[in-house]
There are 2 protein chains.
Amino acid sequence: MAQAPPADKRRLILDAAIRVFARQGFHATRVSDIADEAGVAYGLVYHYFKSKDEVLNELFIERWSLLLVAIEEADKTAASPREKLAAVATFIFDSYRHDPELMKVIIVEVTRAANSFGQTHLEEIRRAYESIAKIVADGQGSGTFRGDVAPMFASLAFYGAIEQLLSGWIFGTIPASDTDFDEARDLLVTTICDGLEPR
Amino acid sequence: MAQAPPADKRRLILDAAIRVFARQGFHATRVSDIADEAGVAYGLVYHYFKSKDEVLNELFIERWSLLLVAIEEADKTAASPREKLAAVATFIFDSYRHDPELMKVIIVEVTRAANSFGQTHLEEIRRAYESIAKIVADGQGSGTFRGDVAPMFASLAFYGAIEQLLSGWIFGTIPASDTDFDEARDLLVTTICDGLEPR
DNA sequence: CTCCCGATTGACTGGTCAATCAACCGGAGG
DNA sequence: CCTCCGGTTGATTGACCAGTCAATCGGGAG
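None of the values given here were measured: they were computed from a predicted structure.

Visitor: Now, about the protein's contact with DNA strand D: what can you tell me, with residues and values included?
Guide: Taken together, 16 residues form the shell around DNA strand D, and within it Ala41(A), Gly43(A), Arg30(B), Gly43(B) and Ser51(B) come nearest. Residue assignment for the surface near DNA strand D shows that the elements contributing at least two residues are α3 (42-48) of chain A together with α2 (31-38) and α3 (42-48) of chain B. If you tally residues by element for the surface near DNA strand D, the top one is α3(A), at 4 residues. For the surface near DNA strand D, the class distribution of residues is 7 nonpolar, 6 polar and 3 charged.

See below:
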């Protein structure tokens, strides 16, 4: 039991899947591509996962649950609504900086693929929106934010703006070279929060 | 030539495709589904279009070119940057109100499907972003907007927020019942523009 | 009435993969 | 040395579907 380095094949397959999905997109990748990239036999993929879909589901769940925790954490820890939203934005931008391929897969194949996997995970996705909406609602309650914007609208606009920015980098709409992630994040948070302030 | 009502089969097929794509998504619809929905034979689809892809391309081009014109028009006609952006937002929201199924197809299958059709139409999509960025840049030049936000960032955030809101309706994240499109649009434009103002 | 041609039909083909499964390997335990 | 068993292999199968194509229809021109 628990041999020293079991060369965790399951993890190997997941990591390979991230690379291949990011490169070719989910629909265009064959299970054999994943197996080849991981350097394992075709059938082994089916030993660890019951279908190609399940591989993507696993990747999404792993990452999205971290986001949900991060939002809760931001809500609990940060002082002002503005700092809470900044913390959320920071987590998402850092996720992209840390593993752009994984974020590309999650955004392109799940979050924005509402006809396929987005449908399956609609509930988890919505949970994130609602947590952000709660931050906005609290900000309205304390008078930091104006009260005439439905919190859910603000939440969607906030998250949508972030995702669109990430998509811009992912697909080269914005050149990645002259881009400082932190600066972009600050500008985005500043703009949205200023827009949400009273008057 | 030009008989009175030629029962334009080509149009019939395109309209049927909108409904089927909206219902099942592009990948999940077979060409036979489109033919059945249109009430024509399978082969006729290939008489008018050279592939299933071309049907979707046609739908996208038709509508996106209208958006590009609308943005240009807004830039030329409206007085202030804020009114220009409001006009752009109005056009997009009205497009959804007028034909939600078509907008769903365009957003889900093209605009946000950057691994498949988005790739093909990246250039046209980017052109819209750039036109919006130009409006922002002009607003900065005239001192209406603060100058420390890259126009392209603002453009992506603006468009991304709109699209996320539409997605919210499309997929039921936001209940459509307690929603007034015009109100939502005004709030969005107000928030973003307030956020873009100096100080 | 006949010819012609574009519109229309739908059976059929070819290729692609996801998923299955029987066989194989190697180490732990007896 | 043998047995057992989970991990591993990759050839095979079965389903699915985009795109082809030969045949048919129908109306206008001669």
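Visitor: If you had to explain the interface of chain B and chain A to someone new, which residues and values would you point to?
Guide: Contacts between chain B and chain A engage 34 residues on the former and 34 residues on the latter. If you list the elements that add at least two residues to the side of chain B that touches chain A, you get α8 (122-141), α9 (151-170) and α10 (181-196) of chain B. In terms of residue count, the dominant contributor to the side of chain B that touches chain A is α9(B) (12 residues). A breakdown of the residues in the side of chain B that touches chain A according to their chemical character gives 19 nonpolar, 11 polar and 4 charged.

Visitor: Talk me through the protein's contact with DNA strand C; I want residue IDs and the actual numbers.
Guide: Near DNA strand C you find 15 residues, and of these Arg30(A), Gly43(A), Ser51(A), Ala41(B) and Gly43(B) are the closest. Every element with two or more residues in the surface near DNA strand C is listed here: α2 (31-38) and α3 of chain A together with α3 of chain B.

Rules and cut-offs
Residues numbered from 1 in each chain as written. Chains lettered and ligands numbered in written order. Predicted model: local features only at pLDDT ≥ 70, side-chain atom pairs only at ≥ 80, totals over all residues. Near = placed C-beta within 6 Å. Helix = DSSP H or I, 4+ residues; strand = E, 2+ residues; numbered from the N terminus. Nonpolar A, V, L, I, M, F, W, Y, C, P; charged D, E, K, R; others polar. Contact = placed C-beta atoms within 7 Å.

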